[in-house]
Amino acid sequence: MHEASLVQGLLDICLKALDEHNAAHPENRVERISKVECQLGLIACVEAQTLVACFELFAEGTPAEGAQLLLQTAPLPCRCTECSHEFSLTQRHFVCPSCGGENIHFNGGHGLTLMALHVAPEETDHD
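Residues numbered from 1 in each chain as written. Predicted model: local features only at pLDDT ≥ 70, side-chain atom pairs only at ≥ 80, totals over all residues. Heavy atoms only, no water.

The protein chain is annotated in an unreviewed UniProt entry as Hydrogenase maturation factor HypA of uncultured Desulfovibrio sp. Turning to the protein chain, the UniProt annotation filed under Sequence similarities (unreviewed entry) states: "Belongs to the HypA/HybF family." Word for word, the UniProt comment on the protein chain under Function (unreviewed entry) is "Involved in the maturation of [NiFe] hydrogenases. Required for nickel insertion into the metal center of the hydrogenase." (UniProt positions renumbered as here; feature names shortened; annotations may be inferred.)

Structure (structure tokens):
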């Protein structure tokens with residue numbers, strides 16, 4: 001399952017960022033990750049629901065347990081080879097909005113990009 005390896009890599013990056021923050025700022029420690037925001041490429045061979053489910057499973061027992069994984073589709077920059085119109089797609093409808101041509105050139109659109117990591121501060125006991 002491709003989603004599992006992506007989630008493991010994403011979770012590793014998030015946990016490393018948490019550890020690095022805590023090492024650099026011991027006075028302002030972070031206890032847990034509350035939300036992870038990512039952009040998913042329009043033509044990534046990934047099922048978003050499966051990615052979210054894998055994230056929930058892999059995060060169990062880590063500071064990311066219970067964190068929300070938010071996925072947005074990254075716009076795909078394109079150029080029509082018939083009329084040279086440049087545009088971005090956000091849905092898998094590969095037609096030029098200017099001329100209706102279907103001969104579209106694009107690069108990328110396969111990735112998963114971490115955009116934001118939301119954290120919660122360490123809770124202190126107040127006696």
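*Asks:* Would you take a moment to explain helix H1 (residues 2-24) for this structure?
*Replies:* Spacing of three or four residues puts side chains on the same side of an α-helix, whose turn is 3.6 residues. An ideal rise of 1.5 Å per residue puts 33 Å on 23 residues; H1 measures up with 33 Å between its terminal C-alpha atoms. Three or more residues of H1 are buried, namely Glu3, Ala4, Val7, Leu10, Leu11, Cys14, Leu15, Leu18 and Asn22. Here the buried face of H1 lies against strand S1 (30-41), helix H2 (48-59), strand S2 (68-74) and strand S6 (112-121). (Helix = DSSP H or I, 4+ residues; strand = E, 2+ residues; numbered from the N terminus. Expected span 1.5 Å × (residues − 1). Buried < 20%, exposed > 50% of the residue type's maximum accessible area, 1.4 Å probe, protein only. Contact = heavy atoms within 4.5 Å.)

*Asks:* Whenever I open this one, the UniProt feature "binding site: Zn(2+)" (unreviewed entry) in the protein chain confuses me. Can you help?
*Replies:* Mapped onto the present numbering, the UniProt feature "binding site: Zn(2+)" (unreviewed entry) falls on Cys80, Cys83, Cys96 and Cys99. A maximum C-alpha distance of 8.7 Å among these annotated residues, which run over 20 residues, shows that they cluster at one spot. Secondary-structure assignment places Cys80 in strand S3 (residues 76-80). Setting aside chain neighbours within four positions, we find Cys80 in contact with His85, Phe87, Cys96, Cys99, Asn103 and Ile104. For Cys96, the position within the fold is in the loop between strand S4 (86-89) and strand S5 (104-106). Those residues within four positions of Cys96 in sequence are excluded, and the remaining contacts are Cys80, Cys83, His85, Phe87, Gly101 and Ile104.

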